[in-house]
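Geometric and topological summary
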Amino acid sequence: MGHLPPDTPRHRPDRAIDPAEALHRLFGYSAFRGQQEDVVSHVIAGGDAVVLMPTGGGKSLCYQLPALCRPGIGIVVSPLIALMRDQVAALRQLGVAAAALNSSLTGPERAKVRADLRAGRLKLLYAAPERLLMPDFLEMLDGAEIALFAIDEAHCVSQWGHDFRPEYLELAQLGARFPGVPRIALTATADPQTRQDIAHRLALDDARLFLSSFDRPNIRYAVLRKEAPLRQLLTFLRAHEGESGIVYCLSRNTVEQTAAALNAHGIKALPYHAKLAPETRAANQDAFLTTEEGLVLVATVAFGMGIDKPDVRFVAHLDLPASLEAFYQETGRAGRDGLPAETLLLYGMQDLVLRRGMIEQSGAPVEIKQLERAKLDALLGVCETVTCRRQAILAHFGETLAQPCGNCDNCLTPAETWDGTIAAQKALSAVWRTRQRFGVGHLTDLLLGVKTEKIERFEHDQLPTFGVGTELDRKGWASVFRQLIVRGALEVDHENYGALCLTPAGEAILRGKESVRLRRETASGSARTLLKKKAERLEVAAADQALFEALRAERARLAKAQNVPAYVIFHDATLAAIAAARPASTAELARIPGIGASKIERYGAAILGIIAG
Ligand code: ADP
Ligand code: ZN
């Protein structure tokens, strides 16, 4: 990637470019989205900006267009090589002189980028922070005309976030060293602490803040009680045959086992985790991002940041994420192209205990633990809510959604609640009478009246609570205990093997001062129907299907020939629009969203040929 393809048109910096015209002619888009226009004109005018936009919101355009419209080169700081590679490939498809500078380049490639930079032949240069900050590189920039600095994935500067990169802190010096060059920091992180950190640590306190809604209306949310994870996952995946998606698991073992099990069931799946050999990891990532369509990637959270793939159609969590922020970011990798996407979270008692335990035993400072607890609790709240999940999620990020969304499981199949006051009192009484020293398993035995060795050893069959809970089964009690923990009536003592203890809220319920409504768990039957209820798919009419497939095949061929991901050539949505409109001329083709001048020049004839049959 260190050299310009010979056919890349050279940019002429002397000619002022109008952003709206460039949007249309280069990118093939008819209008700006959301706050793009405001950001673009602010930065073109030389202003600094902090841009908070959800994944798929269209952040790239916010710095790419100003870089094209201002004289000089736009320098983009990006933390990941894969991300740079895709962005550069996509820009070159648009005919923009773009390059990347990172550790994957050979010596001669690096020299070529430098020569192009010195000669003013580049319009956009992506660089890893540590490269950019090397003294000789900064010196080279001193002599260049710089259009702007864009700091992508700006949350990497914050220690509160999950992707902290110490090198990002050094980027604060850019403002002083290059006065007058606008800086724009961008992130999709919705976490309030991280947001505050970004402006401050990048010395962008005076920058204008552009805050968009973090809602992702095309993503469907569903949370199910974890029963038989593999079976539940298979049901979910059957509704997504031929589509790409990610399955997140907590441990490497689960990743390996799940990937193997999926393959055994005829679903193409590859594992991804930190302990794989680097070549295997890179190959699996590449297969998912670039070379194979319809692949399931089973991964730990090691996979994800900067995953630019626009057509990830689903994200499933087999284990509970650490926080609502993590959940939102991971599910946010679905549906960047704005087309319908589905998510599934499986969640059970064990997850809850495990996650709480991980925080308590982490050895982190007290304030951090406090914060992590709050973030986990926010996720648990979303898991347990009986009303719209999207409303609950957005509320946590400080946004109000006026109406229930109609695109989450609770909206689609309203949850039932029941008066759980008596059941809660029985459960709490079992905790109290066993002196707050036992976990859910033993307490359930007690309530059900099961004479285990442990029950007899502690003479718990002598207690008045012994056998008073036969109206529920084990799953029923697990659900009651879990909901009592989440609502803060019980606490898990992680120093003491997960023993449950009463809290003041629990005592109030036990004394009959408060009543309790509990969520009735979805019976497996209806869970299956829910899983099978597909979100609407990309609309391709039956009559257009054959043409759509022919276009996809051509796209795959073009992508392979150039060694770029298929989606940098055309998105599915663009191909679907072509199949529906059947343009007969270049002029008609130019009206399809996502087709700019360069794409017409490169692929117009091939597409029109396929349409003509
Ligand atoms: P982000 O970086 O915020 O996740 P991207 O910059 O990758 O988002 O943009 C997400 C998708 O939206 C991309 O496929 C991009 O081509 C598309 N897009 C961005 N801006 C527009 C626009 N104004 N009109 C149509 N599509 C757009
Ligand atoms: Zn909803």
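Since we're looking at a predicted model, the values are computed, not measured.

Moving on: unusual backbone geometry. The backbone of glutamate 153 shows a phi angle near 50°, a positive value even though the residue is not glycine. When you line up the elements, glutamate 153 lands in the loop between strand S5 (146-151) and helix H8 (166-169). A relative accessible area of 14% means that glutamate 153 is categorised as buried. Unlike most non-glycine residues, glutamate 459 shows phi in positive territory, near 55°. The topology assignment puts glutamate 459 in the loop between helix H21 (453-457) and helix H22 (474-486).

Reported here for the largest pocket is a volume of approximately 1300 Å³. Along the wall of the largest pocket there are 49 residues; nearest its centre are Tyr29, Gly58, Ser60, Arg336 and His571. Elements with a contribution of two residues or more to the lining of the largest pocket: helix H1 (19-27), helix H3 (59-69), helix H4 (81-93), strand S6 (183-187), helix H26 (566-569) and helix H27 (572-581). Along the lines of polarity and charge, the residues of the lining of the largest pocket split into 22 nonpolar, 16 polar and eleven charged.

Further remarks concern the site of ligand 1. Close contacts around ligand 1 come from 15 residues, with Tyr29, Gly56, Ser60, Arg336 and His571 the closest. Glycine 56 is positioned such that a nitrogen or oxygen atom in its backbone is 2.6 Å from an oxygen atom of ligand 1. With the chains in place, 83% of the 560 Å² that ligand 1 exposes on its own is no longer accessible. Counting atoms within 2 Å of the grid points, the majority share of ligand 1 lands in the largest pocket. Element by element, the count of residues in the shell around ligand 1 is highest for H3, at three residues. Among the residues forming the shell around ligand 1, the class breakdown is five nonpolar, seven polar and three charged.

Coordination sphere of the zinc ion (ligand 2), protein contribution only: Cys388 (SG), Cys405 (SG), Cys408 (SG) and Cys411 (SG), at 2.3 to 2.4 Å. Here the zinc ion (ligand 2) is ringed by four donor atoms whose angles at the metal span 100 to 120°, and the overall shape comes out tetrahedral. Linear spacing of the donor residues for the zinc ion (ligand 2) on their chain is C-x16-C-x2-C-x2-C. Residue cysteine 405 is classed as partly exposed on the basis of its relative accessible area, which comes to 23%.

Applying the stated rule across the entire model yields ten aromatic pairs. Ring centres of tyrosine 221 and phenylalanine 327 lie 6.1 Å apart, and the angle between their planes is 45°; on these two criteria the pair is classed as tilted. Remark: phenylalanine 327 occurs in helix H14 (residues 324-331) and tyrosine 221 occurs in the loop between strand S8 (219-220) and strand S9 (223-225); sequence separation between them is 106 residues. The exposure class of tyrosine 221 is buried, given its relative accessible area of 2%. The class for phenylalanine 327 is buried, based on a relative accessible area of 3%. Ring geometry for phenylalanine 570 against tyrosine 603: centres 5.7 Å apart, planes inclined by 70°, an arrangement best described as edge-to-face. You can see phenylalanine 570 sitting in the loop between H26 and H27 and its partner tyrosine 603 sitting in helix H29 (residues 597-612), a full 33 residues away along the chain. You'll find phenylalanine 570 and tyrosine 603 in the same group, each marked buried. Put simply, the rings of Tyr221, Phe327, Tyr328 and Phe397 pair up and form one aromatic cluster. Against the face of phenylalanine 288 rests lysine 309, its NZ or CZ located 5.5 Å from the ring centre.

Cut-off values and rules
Residues numbered from 1 in each chain as written. Chains lettered and ligands numbered in written order. Predicted model: local features only at pLDDT ≥ 70, side-chain atom pairs only at ≥ 80, totals over all residues. Heavy atoms only, no water. Helix = DSSP H or I, 4+ residues; strand = E, 2+ residues; numbered from the N terminus. Buried < 20%, exposed > 50% of the residue type's maximum accessible area, 1.4 Å probe, protein only. 1 Å grid on protein atoms, 1.4 Å probe; cavity = no way out; pocket = protein on both sides within 12 Å on 5 of 7 lines; lining within 4 Å. Points joined across faces, edges and corners; volume = space filled by probe spheres on them. Nonpolar A, V, L, I, M, F, W, Y, C, P; charged D, E, K, R; others polar. Near = heavy atom within 4 Å. Polar contact = N/O pair within 3.5 Å; in protein donor to acceptor, adjacent residues only side chain to side chain. Areas by Shrake-Rupley, 256 points an atom, 1.4 Å probe, with all protein chains shown as cover. Sits in = over half its atoms within 2 Å of the grid points. Donors = N, O, S within 2.8 Å, 3.2 Å for Na, K, Ca; no water. Tetrahedral: all angles 85-135°; square planar, octahedral: opposite > 155°, others 65-115°. Phe/Tyr/Trp six-rings, centres within 6.5 Å; stacked < 30°, edge-to-face > 60°. Lys NZ or Arg CZ within 6 Å of the ring centre and 35° of its normal.

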